[in-house]
Amino acid sequence: MKRVLLIAILFFVVGETWAQFRKNRGDRPSAAPSESTLNYNNPIEYTIGGIEVTGLNVLDKNAMISISGLKVGDKIKIPGDGITDAIRKIWKYGLVGDISINVDRIEGNNVFLSIALAERPRLTGFYFTGIGKGQESGLKDDLKLIRGKIVTDAMIRNTESAVKKYFVKKGYLNTEVKILQQKDTLNRDGIRLKIAVNPKSKVKINNISFVGNDAIPDSKLKSKMKKTHERARLSIHRTILNHVFHINPATYFDTSVVAGKKELLEFVHDNFKPNVFASSKFIRADYEEDKKKVLAFYNTQGYRDAEIVSDTIVNHDEKSIDINFVVSEGPKYYFRNIFWTGNYIYTDKQLAAVLGINKGDVYNKEAISKKLQFNPKGMDISGLYMDDGYLFFRINDVEVAVAGDSIDVEMRIFEGEQATINEVTIAGNERTSDHVIRRELSTIPGQKFRRSDIIRTQQRLGQLGFFNPATIGQQLTPNQQKGTVDIEWQVEEQSNDQVELSGGWGGYYGFVGTLGLTFNNFSIKNIPHLKNWKPLPTGDGQKLSLRVQANGRSFQSYSFSFTEPWLGGRKPHSFSVSYVRSMSRYAGQGASSYNDLNSMLRADNFSIGLGRMLEWPDNYFTLTNSLGFAVYTLQNIDYGIGCTDCSSNAITFNTTISRNSIDNQMYPSQGSTISLSLALTPPYSAFNGMDYSTATAAEKNKWQEYHKWMFDARYYLPLDSKKKLVLEAKVHFGFIGAYNKEKTGIGPFERFVLGGSGLAGGFNSFVLGKEIIGLRGYQDNQITPPKYQTGNSTQQLGGIVYEKMGIELRYPVTTGNAATIYGLIFTEAGNNWGDYADFNPFSMYKAAGVGARIFMPAFGLIGLNWAYGFDPVPLGSGRDVSGSQFHFTIGQQIR
């Protein structure tokens, strides 16, 4: 009887459990048929006669049935796993918050099911509390919250995690985040998320200590941790206390030791507070990377077994932590014997000379890697082989013996066969034509593969300015069986066309406006083909510049230039043509007033040039020759040539040899630019038969004659491994000479005017017929030789010899496609002399300052500088020194 009762109770419990299975256990839904006649010990197989879905607002009925896997006409056992599996399938998509599958009715062998769903709410918005607008703006970019998306538990967890990670990266390690779901009053199925953030205080690193580092001091190890720093004031405190006041920092709070030095200690404490020096925020990811850097440094010093035994992070107070390292340095190792195996092309002696590691040198795994694979400062083993076509070359360094503190290394080489370039393709050039890129390639099908050609091609493509230098790359697809390699060059287009629209106060000219257009990837042949305009005719690498600068009738300047870098398309022979017309109605002392419209100096300059790339001494060199014709027309102007209504002409031949190996046009980080140019006019005085002792000034100056020499050099040196911090050193020099000084002397044209921003007189004066050179820290055009006298008036002639040199330290804010922005600090010096006898290379006007450069493709390069001139100006402003000066520049300045 007890057994029967027990079985009855069991059946009752099972029946109730199935009937109530629709009520969730934890977070799982349930389902149950409504027929009480079902036998749970003996499931019955039915045919699904129909399926209904209830509770839907947004979701599609047919889609939900499809997700469940249930189909009309399918066989299903009730009760059975089919119902449970259907629930699981719907549930895993996270679209609903509750599911129940019920038996609606049974007709014979057909069962009709009803799927009851409760949709999850959808996100209609979110907002933050506890943080500022600036933090909100940065945080929204990290969150992947999309309005209209279903709000799930995973979404809440991921959002909370993302918010915490965002603040942890910024040093807020104790950030608390709480997310509350609030019903949207305007949308009954919508949810708004309230993200309450309490960042608390930033966690700073108070102190970093090392134990066990007997060979390398704490300060050296700390310097290798690039992003994990302790408060600088601790070391300053210790240095001052120990070396200045002769107090051991450990006894700082010992009154018997510091007695009598209370005032000094208070001075140190008050003037070196924690807030005076920036302390480091603690970021776990950076910290882990810096630990690797510490060990890597140990390895470069011969401690190949060095390890960090433990690193402990302890709370110093609520806002700072201490980090304590325990290191095991192990013994210091040295190279003993280096063996070479598998080398047939080069001898052991040749390879050892390239490796540059000798017996007894400190063991340095990093040095081996650089000398074997890629050495940015010189030759390496891989380069030796790959520059001779051995693309399949491989080398592995293996430690074969460790004896005491000495290590034997075996270099195991697989030379392979030489590889020939098979196919060269280009990807990513949406605007630039293929032939413009191909003519810059040193990797040509059929030629032997050389790694140096890959490096050179990457530099040349970057120098074009059409592509983002940071993303230029190549995909090598070698075929060892055929001994070939396919190369795909991958580029990313960037716009470098420029629009210059500016205005400024031009001194006595008043407001001067400028409009300039520069198209650096122009295409003349695409002008009639409108379908190839993007939005202008582009793609052939030609350069077209148009510029207008004017202030009514007082000052006007119009310029046009065109350059075809590959004349004929077969060889790198450039062709250029330019024309400039400038008119200044106040350019000398002959004018009766600043706006005397009856006085004018007009300059017309036309030039045509041809250039070509050289292969010797290397293919970084170019040679450019040009022929120019200039006419200077004077109208009621005293310009220092002895007449006020006349003209002066010049035919010049200019030749320039230059070398350019910089890696990036907008932000060079390595390489150099060097140029030497010579401009010559015909020596008319040698053959025109003129008697210069009786000739008028107009006759003497009708044809100018001079020779002009210019030298410019810039060198770029990266100071960090990422090539961000860059040092630029530059030097400039120039002089003008006459063929026959007794007959003609050196005229007023093409002389040097030094000082200020170097912008054709800046916005203080618009000087025509002069070589304008900037020198920050001094006013525009202010560094000139003494004035000469013409009656009671004075006039600046400019110098005939000048020099300038300087150093800049640059660091970029961004170097992306949209803009290149970098800051700089600089020091420079220069001078300008009107007579060779006065030339003194050690007598220069010196200045130093800070500045910024912004390059945007649409507007070109814009610069702002503040400089302090340390010397009094020659044209005197009444001050002892030039002092503080601000300078604004437009465009890339050569000098």
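Residues numbered from 1 in each chain as written. Predicted model: local features only at pLDDT ≥ 70, side-chain atom pairs only at ≥ 80, totals over all residues. Heavy atoms only, no water.

## So, the overall build of the chain
So, step 1. Assigned secondary structure in the chain consists of 16 helices and 36 strands.
So, step 2. Of all 895 residues assigned to the chain, the portion counted as buried reaches 43%.
So, step 3. Sequence-distant contacts, at least 24 apart, represent 61% of the contacts inside the chain between residues at least 6 apart.
So, step 4. With the model as given, the accessible surface of the chain reaches about 46,400 Å², and the carbon-plus-sulfur share is 54%. (Helix = DSSP H or I, 4+ residues; strand = E, 2+ residues; numbered from the N terminus. Buried < 20%, exposed > 50% of the residue type's maximum accessible area, 1.4 Å probe, protein only. Contact = heavy atoms within 4.5 Å. Areas by Shrake-Rupley, 256 points an atom, 1.4 Å probe, with all protein chains shown as cover.)

## Side note on a positive patch on the surface
So, step 1. Where like charges cluster on the molecular surface, the positive patch consists of K220, K226, K227, K293, K722 and K724.
So, step 2. Along the chain, the position of K220 falls in helix α6 (residues 218-223). (Patch = residues over 30% accessible without salt bridge, like charges linked within 9 Å, V, L, I, M, F, W, Y side chains within 5 Å. Salt bridge = Lys/Arg side-chain N within 4 Å of Asp/Glu carboxyl O. Lys, Arg positive; Asp, Glu negative; His and termini not counted. Charge placed at Lys NZ, Arg CZ, Asp CG, Glu CD.)

## What to know about the pattern of salt bridges
So, step 1. The final tally for this structure, using the stated rule, is 37 salt bridges.
So, step 2. Across the pair K365 and D397 runs a salt bridge, and its minimum N-O distance is 2.7 Å. Note that K365 is positioned in helix α12 (residues 365-372) and D397 in strand β12 (residues 394-403), a separation of 32 residues in sequence.
So, step 3. The class of D397 is partly exposed, set by a relative accessible area of 24%.
So, step 4. For K708, the salt bridge goes to E771, with nearest N and O atoms at 2.6 Å.

## Focus on the sheet that holds strand β16 (residues 484-490)
So, step 1. The three strands lie next to each other as β14-β16-β15, forming an open sheet whose pairing is mixed. Here the strands that pair on one side only, and so sit at the sheet edges, are β14 (420-427) and β15 (473-479). On average, adjacent strands in this sheet sit at an angle of 20° to one another, irrespective of strand direction.
So, step 2. Pairing between β14 and β16: six bridges, direction parallel. Opposite T425, over in β16, you have E488 as the bridge partner. (Pairing = 2+ DSSP bridges. Axes fitted to C-alpha atoms, helices over the stretch in contact; angles between N-to-C directions.)

## Some words on the pairing of strand β19 (residues 542-551)
So, step 1. Two strands pair when backbone bridges link them, and β19 and strand β20 (residues 555-564) are joined in this way by nine bridges, in the antiparallel orientation. In the sheet register, R547 faces β20, and the bridge partner there is S559.
So, step 2. Between the end of β19 and the start of β20, which pair antiparallel, lie three residues, with G552 showing a positive phi angle near 55°.

## What about the nonpolar core?
So, step 1. Core analysis: the biggest nonpolar cluster contains 22 residues, and L70, L113 and L117 have the highest contact counts within it.
So, step 2. Secondary-structure elements contributing two or more residues to this core are β1 (44-54), α2 (61-68), β2 (75-78), α3 (81-92), β3 (96-107) and β4 (110-119).
So, step 3. Excluding residues within four positions of it along the chain, L113 makes contact with I48, G50, I51, E52, L70, I78, I83, N102, V103 and D104.
So, step 4. W340, L351, L372 and F393 belong to the second largest nonpolar core, which has 21 residues in total. (Core = buried A, V, L, I, M, F, W, Y, C linked by side-chain atoms within 4.5 Å.)

## A short note on the environment of N654
So, step 1. Structurally, the position occupied by N654 is in strand β24 (residues 645-660).
So, step 2. Sequence-wise, N654 and K708 are 54 residues apart; in three dimensions their C-alpha atoms are separated by 9.2 Å.
So, step 3. Not counting the four nearest positions on each side in its chain, N654 is found in contact with T624, N625, S626, S677, L678 and A679.
So, step 4. There is a polar contact of 3.1 Å between the side chain of N654 and the side chain of T656. (Polar contact = N/O pair within 3.5 Å; in protein donor to acceptor, adjacent residues only side chain to side chain.)

## Overview of unusual backbone geometry
So, step 1. Put simply, I78 and P79 share a cis peptide bond, and its omega is -10°.
So, step 2. Tracing the sequence through the fold places P79 in the loop between β2 and α3.
So, step 3. Positive phi is not limited to glycine here, since N636 has a value of about 55°.
So, step 4. Overall, the relative accessible area of 28% leaves N636 in the partly exposed class.

## Comments concerning the packing of helix α4 (residues 133-142) against helix α5 (residues 153-169)
So, step 1. Packing of α4 against α5 leaves a shortest axis separation of 10 Å and a crossing angle of 125°. Between α4 and α5, the interaxial angle falls into the category oblique. Considering the relative orientation of α4 and α5, their crossing is right-handed. Across from Q135, G138, L139 and D142 in α4, the residues of α5 making contact are V163, Y166 and F167.
So, step 2. Looking at the contact of α4 with α5 residue by residue, the classes come out as four nonpolar, two polar and one charged. (Parallel < 35°, antiparallel > 145°, perpendicular 65-115°, else oblique. Left-handed = near helix turned anticlockwise from the far one by under 90°. Nonpolar A, V, L, I, M, F, W, Y, C, P; charged D, E, K, R; others polar.)

## Brief notes about the packing of aromatic side chains
So, step 1. All chains considered together, the criterion is met by 25 aromatic pairs.
So, step 2. Ring centres of Y287 and F325 lie 6.1 Å apart, and the angle between their planes is 35°; this geometry places the pair in the tilted category. Linking Y287 in helix α10 (residues 284-300) with F325 in strand β10 (residues 320-328), this pair joins segments that are 38 residues apart in sequence. Take Y287 and F325: they sit in the same class, and that class is buried.
So, step 3. An aromatic cluster is defined as three or more aromatic residues linked by ring pairs; in this entry it consists of W709, F733, F735, W833, Y836 and F839.
So, step 4. Positioned above the aromatic ring of F112, the side-chain terminus of R105 is 3.9 Å from the ring centre.
So, step 5. Its end group placed over the ring of F826, R776 keeps NZ or CZ at 3.7 Å from the ring centre. (Phe/Tyr/Trp six-rings, centres within 6.5 Å; stacked < 30°, edge-to-face > 60°. Lys NZ or Arg CZ within 6 Å of the ring centre and 35° of its normal.)

## Some details on α10
So, step 1. The first and last C-alpha atoms of α10 sit 25 Å apart over 17 residues, in line with the 24 Å expected at 1.5 Å per residue.
So, step 2. When α10 is considered as a whole, its buried residues turn out to be Y287, D290, K291, V294, F297, Y298 and T300.
So, step 3. Lining the buried residues of α10 we find α6, β9 (307-317), β10 and α12.
So, step 4. Positive phi shows up at G302, right after α10, with a value of about 95°. (Expected span 1.5 Å × (residues − 1).)

## Let's talk about the sheet that holds β10
So, step 1. Spatial strand order, β8-β10-β9: three strands in an open sheet with mixed pairing. One side of each edge strand has no neighbouring strand; the edge strands of this open sheet are β8 (204-211) and β9. Within this sheet the neighbouring strands show an average axis-to-axis angle of 20°, counted without direction.
So, step 2. By the bridge criterion, nine bridges tie β9 to β10 in an arrangement that is antiparallel. Considered in β10, the bridge of S310 is made with V326.
So, step 3. Those strands touched by α10 are β9 and β10, and its axis lies near 140° from that of β9.

## Considerations on the side chain of D453
So, step 1. Here D453 is to be found in helix α15 (residues 451-464).
So, step 2. Of note is the side chain of D453, whose polar atom sits 3.1 Å from the side chain of R450.
So, step 3. Look past the residues within four positions of D453 in its chain and what remains in contact with it is S442 and T443.

## Structural notes on the state of the cysteines
So, step 1. Inspection of every chain in the model, using the stated rule, returns one disulfide.
So, step 2. Put simply, C643 and C646 are joined by a disulfide, and their sulfur atoms are 1.9 Å apart. Here the disulfide of C643 and C646 is right-handed, its torsion about the S-S bond being about 65°. We note that C643, like C646, is buried. (Disulfide = S-S within 2.5 Å.)

## What to know about the pairing of strand β28 (residues 751-754)
So, step 1. Burial along β28 is two-sided: R751 and V753 and F752 and L754, pointing in opposite directions, are all buried.
So, step 2. Examined bridge by bridge, β28 and strand β29 (residues 770-773) share four bridges and lie parallel to one another. If you follow F752 over to β29, its bridge partner there is E771.

## Structural notes on the packing of α2 against α3
So, step 1. Where α2 contacts α3, the axes come no closer than 8 Å and their chain directions differ by 120°. Regarding the angle of α2 to α3, the classification is oblique. Side by side, α2 and α3 meet where M64, I67 and S68 of the first sit next to A86, K89 and I90 of the second.
So, step 2. Of the residues contributing to the contact of α2 with α3, the split by class is four nonpolar, one polar and one charged.

Limitation: the analysis is restricted to geometry and does not speak to function.
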